[in-house]
Amino acid sequence: MTKDIDLFHQENADIFLEGLKATPYQQIDDTGARVNGVNNYTEILCNPYYTAYFTVPKKNRETILDVLLCGKEKTYCFNDEAFDLMKTFNVSKSWLEKLSSLKNKIFSDEEMHRKLDCIFLRGGKTTKKKVLEACAIAAYHQRTDIPVVTALLSDDARQFQKIAYHHALCWIHDGRNYKKLRPIVPYYKEKLEAFLDMYWDFYGELCEFRINPESEVAEQLSIKFDQLFSTKTRYEQLDERIAKTKENKEHLLKVLVLPEIPLHNNAAELAARAKVRKRDVSLQTITEEGTKANDTFMTIVQTSKKLGVSAYQYICDRVGGTFEMPSLAQIIREKNSFHSNTPLQGGCPTITLGN
């Protein structure tokens, strides 16, 4: 399962590359992983055509970019976008002035770290990390040799923010925050139940919008969002939660701009669950070789399920050397071509608020 499987590793890379091209958005989630007794993380990227797994030592923006680069060399760019991102990441003006001499310059990974080691010689470790992330994101957005993800759907974890130009948040995940409110006072219970009824009614309207998107309806839904999430209930914890949802308006209503983006991240969460079940049985991988093999075969199996292909027959076909079955990457390419004029619909799932 770990030796002489370069063929499968290549198929894995091809699946991911074609998956990135297949839709204008990607879904992402992560879950814990163990490698030889050390805590790691598995990043999951997917859309209706594929699911890919990448086990990495850290879960930060730079690591996610490493995954999205598809094995290409990482670069860093000090352009206007990079400096705007640094401001967003709260890099101080004094540091921005020190870095201004590097504006419009591009560095390789080695050059960038050597340059910043000199600049941050006397500290500023956190600021250095922010600068690296900002410049890596700016450089990624300029790539022409790989499919650049322009829209990303995720939960509200920090490491997923600013990776793509468009960042959509999962409504189901946001709704779970309301379940954490467990009022005892009957008045508070009534207020919570009444608000959640309105919350999910609005979610249903967004589902309908995805099927028949119209600009006039989008404007109405935007106004209705402001009205709904300006509600005051005199239940302090609920009002605070409502205000937090309102702060995420741009990301929760990304569907009004890009109707093809699902309203929920269930696909990525279900893919993460498959990894968790595997971890429950096997606990961990021991070597880098085994970790890579585990990711590769999980990608192939989960992608086969989405494409309606028997993973068992597919692997037998490759191991047996017959190659009668088309590659999964080819199937993704053909399905994408067939549906190129048909918007993908993520559906409106039954609403469950469990963990």
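Heads up: these notes are all about the structure in this document. (Residues numbered from 1 in each chain as written. Predicted model: local features only at pLDDT ≥ 70, side-chain atom pairs only at ≥ 80, totals over all residues. Heavy atoms only, no water.)

## Points about the pattern of salt bridges
1) Next: The final tally for this structure, using the stated rule, is 19 salt bridges.
2) Next: Lys224 is the salt-bridge partner of Glu205, the closest N and O atoms lying 2.4 Å from each other. Separated by 19 residues along the polypeptide, Glu205 in helix α8 (residues 186–211) and Lys224 in helix α9 (residues 215–228) bring together distant segments of the chain.
3) Next: Judged by relative accessible area, Glu205 falls into the partly exposed class, the value being 27%. (Salt bridge = Lys/Arg side-chain N within 4 Å of Asp/Glu carboxyl O. Helix = DSSP H or I, 4+ residues; strand = E, 2+ residues; numbered from the N terminus. Buried < 20%, exposed > 50% of the residue type's maximum accessible area, 1.4 Å probe, protein only.)

## Regarding helix α2 (residues 61–68)
1) Next: A large share of α2 lies buried, amounting to seven of its eight residues.
2) Next: Buried within α2 we find Arg61, Glu62, Thr63, Ile64, Leu65, Val67 and Leu68.
3) Next: On the buried face of α2, the contacting elements are α1 (6–22), β1 (26–35), β2 (38–47), β3 (50–56), β4 (75–77) and α6 (125–141).
4) Next: Two residues or fewer past α2, Cys70 is found with a positive phi of approximately 55°. (Contact = heavy atoms within 4.5 Å.)

## Quick notes on the packing of aromatic side chains
1) Next: Counting across every chain of the model gives 22 aromatic pairs.
2) Next: Ring plane angle 40° and centroid distance 4.5 Å describe the contact between Phe225 and Phe229, whose orientation is recorded as tilted. The pair Phe225 / Phe229 is uniform in exposure class, with both members buried.
3) Next: One aromatic cluster is present, formed by Trp171, Tyr178, Phe195, Tyr199, Trp200, Phe202, Tyr203, Phe225 and Phe229 through successive ring pairs.
4) Next: When the ring centre of Trp95 is taken as origin, the NZ or CZ atom of Lys98, which lies over that ring, is 4.3 Å away.
5) Next: The residue whose ring lies beneath Lys103 is Phe83, and the NZ or CZ to ring-centre distance is 5.8 Å. (Phe/Tyr/Trp six-rings, centres within 6.5 Å; stacked < 30°, edge-to-face > 60°. Lys NZ or Arg CZ within 6 Å of the ring centre and 35° of its normal.)

## Let's talk about the side chain of Ser108
1) Next: Structurally, the position occupied by Ser108 is in strand β5 (residues 106–108).
2) Next: Once residues within four sequence positions are removed from consideration, Ser108 is found in contact with Glu73, Lys74 and Tyr76.

## Quick look at the environment of Ser94
1) Next: Residue placement: Ser94 occurs in helix α4 (residues 93–99).
2) Next: Among the polar contacts listed, one links the side chain of Ser94 to the side chain of Ser92, at a separation of 3.0 Å. (Polar contact = N/O pair within 3.5 Å; in protein donor to acceptor, adjacent residues only side chain to side chain.)

These results come straight from atomic positions and should not be treated as a statement about function.
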